[in-house]
Amino acid sequence: MNPDMQSATKATIVRKTIAAFAVFAGLMGLGWWVLHSIANARKDDEVQAPLRAALQGNQHLFGSVMSRTRLAKTYPISKAEKNVRVNGKLGMDAAFKPEDWKLRIARGAGDTLVIGIEDIRQLPKTEIVFDFKCIEGWDQITHWGGVKMEDFIKAYHLEAQAQKAYMGLQTPDGAYYVGIDMPSALHPQTILAYEMNAQPLPLNQGAPLRLIIPVKYGIKHLKRIGLISFSDRPPHDYWAEKGYDYYAGH
Ligand SMILES: Nc1nc2c(c(=O)[nH]1)N[C@H]1C(S)=C(S)[C@@H](COP(=O)(O)O)O[C@H]1N2
Ligand SMILES: [Mo]
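Residue positions are counted from 1 within each chain, in the order its sequence is given. The lettering of chains begins at A and the numbering of ligands begins at 1, in the order of writing. Local features in a predicted model are, by the rule used here, given only for residues with pLDDT of at least 70; side-chain atom pairs are given and counted only at 80 or more, and totals for whole chains, interfaces and linings are based on all residues. Processing note: side-chain calculations cover all non-hydrogen atoms of the structure and skip hydrogens and water entirely.

Enquirer: What's the story with the site of ligand 1 in this structure? I'm lost.
Expert: The environment of ligand 1 is formed by 19 residues, the closest being Arg85, Asn87, Leu90, Gln205 and Lys223. Here an oxygen atom of ligand 1 sits 2.8 Å away from a polar atom, N or O, in the side chain of Arg210. Within the contact set of ligand 1, a nitrogen atom lies 3.0 Å away from a backbone nitrogen or oxygen of His221. In these tables, accessible area is a Shrake-Rupley quantity obtained with a 1.4 Å probe, and a residue counts as shielded only by the protein chains included in the view. Burial of ligand 1 by the protein amounts to 97% of the accessible area it has alone, namely 530 Å². Split by residue class, the shell around ligand 1 holds nine nonpolar, six polar and four charged. Nearness here has a simple test: a residue counts as near a molecule or strand if at least one of its heavy atoms is within 4 Å of that partner. For this analysis, a polar contact is any N or O atom pair within 3.5 Å, provided that within protein one partner can donate a hydrogen and the other can accept it, and provided that sequence-adjacent residues contribute only side-chain to side-chain pairs. Under the scheme applied, nonpolar residues are Ala, Val, Leu, Ile, Met, Phe, Trp, Tyr, Cys and Pro; charged residues are Asp, Glu, Lys and Arg; polar residues are all the others, including Gly.

Now the structure itself:
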């Protein structure tokens with residue numbers, strides 16, 4: 001190689017090295033800018049807005065995947081467990097008087113519908129036997145009876161409220177609360193249950209009325225429903241606040 005060519009090659013190497021560093025520095029800067037702007041972004045419910053947006057995007061994706069035609073597997077009544085496990089105790093205060101209970105439906109600001117259990121028992125009854133799964137790792141085939149949520153919504157003319165994105169449910173004392181995406185709340189297997197094994201629901205299983213939502217894990221099957229509400233923002237959710245998946249489908 002003649003000296004001229006050697007210096008030309010050297011110049012090329014130097015130029016390419018500088019270019020490579022420039023690209024590297026540029027990417028570092030871009031990465032820093034992205035992280036910095038996420039960290040400093042306006043907060044939405046304690047979470048930076050871009051992260052919240054990504055989270056909600058995921059939730060909407062899961063919500064739309066969950067179609068009415070995707071049914072949880074059902075079983076014959078003979079397969080149902082007779083000794084049904086009692087698990088959650090939050091909001092299940094011993095002083096509770098079922099005879100004083102009423103279901104409250106927050107239709108809108110200052111507009112609450114109050115319904116007694118006898119009225120709910122008048123509505124068409126649906127039964128389901130399915131595999132109830134708890135995130136702690138156990139499952140049981142169990143048999144429930146009650147009114148389909150979608151039939152209940154129609155009977156009480158709550159169609160306008162059901163246009164919202166979420167349903168919130170809580171115990172009468174507010175100690176346990178869950179949020180359900182509306183497609184899952186209106187899923188044909190979701191029921192407001194007042195019977196277990198064809199008998200009145202026992203107190204420790206959520207009497208007078210509990211949620212049975214077979215497309216979700218046990219955490220969402222709120223026992224002893226006191227209040228139902230509707231919203232476009234995700235309602236507060238006991239286990240989601242502790243870090244569990246908000247959607248909790250399986
Ligand atoms: N009110 C109330 N409902 C609740 C809970 C609770 O602690 N309080 N726990 C949930 C969880 S984690 C599970 S697995 C199921 C258990 O229902 P079971 O007690 O009928 O087995 O209830 C759900 N509903
Ligand atoms: Mo659970």
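Let's pick the thread back up.
Enquirer: Please clarify how the packing of aromatic side chains should be interpreted in this entry.
Expert: Aromatic ring pairs are reported here in terms of the distance separating the ring centres and the angle at which the planes meet. Pairing of aromatic rings covers Phe, Tyr and Trp, the last counted by its six-membered ring, and requires centre-to-centre distances within 6.5 Å; plane angles under 30 degrees mean stacked, over 60 mean edge-to-face, and any other angle means tilted. Enumeration according to the criterion identifies nine aromatic pairs in this entry. Between Phe132 and Trp144, the aromatic rings sit 6.4 Å apart at their centres with planes inclined by 40 degrees, giving tilted as the arrangement. Taken together, the residues Phe132 in strand E5 (residues 126–133) and Trp144 in strand E6 (residues 139–148) connect sequence positions 12 residues apart. Burial classification: accessible surface area is computed with a 1.4 Å probe over protein chains only, and a residue below 20% of its type maximum counts as buried, one above 50% as exposed, and the rest as partly exposed. Taking the relative accessible area as the measure of exposure, Trp144 reaches 2% and is therefore buried. Pairing Tyr177 with Tyr238 gives two aromatic rings, centres 5.8 Å apart and planes at 70 degrees, and the pair type is edge-to-face. In this description a helix means any DSSP run of H or I spanning at least four residues, a strand means any run of E spanning at least two, and both kinds are numbered starting from the N terminus.

Enquirer: Is there a simple way to explain the nonpolar core in this structure?
Expert: Generally speaking, a soluble globular protein has its nonpolar side chains buried in company with each other. Here, nonpolar core refers to any group of buried Ala, Val, Leu, Ile, Met, Phe, Trp, Tyr and Cys residues whose side-chain atoms link them within 4.5 Å. Grouped together as the largest cluster of nonpolar side chains are 37 residues, with contacts concentrated most on Ile120 and Phe152. Whether two residues are in contact is decided by their heavy atoms: any pair within 4.5 Å suffices. Once residues lying within four places of it in the same chain are set aside, the contact partners of Ile120 are Trp101, Leu103, Ile115, Val147, Phe152, Tyr194 and Leu209. In this structure, Phe132, Cys134, Trp144 and Met196 belong to the second largest nonpolar core, which totals 13 residues.

Enquirer: So what exactly am I meant to see when it comes to the sheet that holds strand E3 (residues 103–108) here?
Expert: Hydrogen bonds between backbone atoms are what pair the strands of a sheet, whose relative direction is either parallel or antiparallel. What makes two strands pair is DSSP finding at least two bridges between them. Taken in spatial order, the five strands of this open sheet run E4-E3-E12-E7-E8, and their pairing is mixed. Unpaired on one side and paired on the other, strand E4 (111–115) and strand E8 (177–181) mark the two borders of the sheet. When the angles between neighbouring strand axes are averaged without regard to direction, this sheet yields 20 degrees. In this structure, E3 lies alongside E4, joined through five bridges in antiparallel fashion. Considered in E4, the bridge of Ile105 is made with Leu113. The angle between two axes is taken between their N-to-C directions and runs from 0 to 180 degrees, where each axis is a line fitted to C-alpha atoms and a helix contributes only its stretch in contact.

Enquirer: Just checking my understanding: could you explain the pairing of E8 for this structure?
Expert: Residues in a regular strand point their side chains to alternate faces of the sheet. Of all five residues that make up E8, five are buried, and the element is covered over most of its length. A two-sided burial pattern is seen for E8, the buried positions comprising Tyr177, Gly179 and Asp181 on one face and Val178 and Ile180 on the other. Relative to E8, strand E7 (residues 166–170) is paired through five bridges, and the arrangement is antiparallel. Counterpart to Gln170 in the pairing with E8 is Tyr177. The hairpin formed by E7 and E8 contains six residues between the paired strands, and Gly174 there has a positive phi angle of roughly 75 degrees.

Enquirer: Mind showing me how you'd approach the side chain of Asn197 here?
Expert: Counting through the fold element by element, Asn197 comes out in the loop between strand E9 (191–196) and strand E10 (199–200). Classification of Asn197 as buried rests on a relative accessible area of 19%. Of note is the side chain of Asn197, whose polar atom sits 3.2 Å from the backbone oxygen of Glu81. When neighbours within four sequence positions are excluded, Asn197 is seen to be in contact with Ala80, Glu81, Lys82, Val84 and His143.

Function cannot be read off these values alone, since they describe shape.
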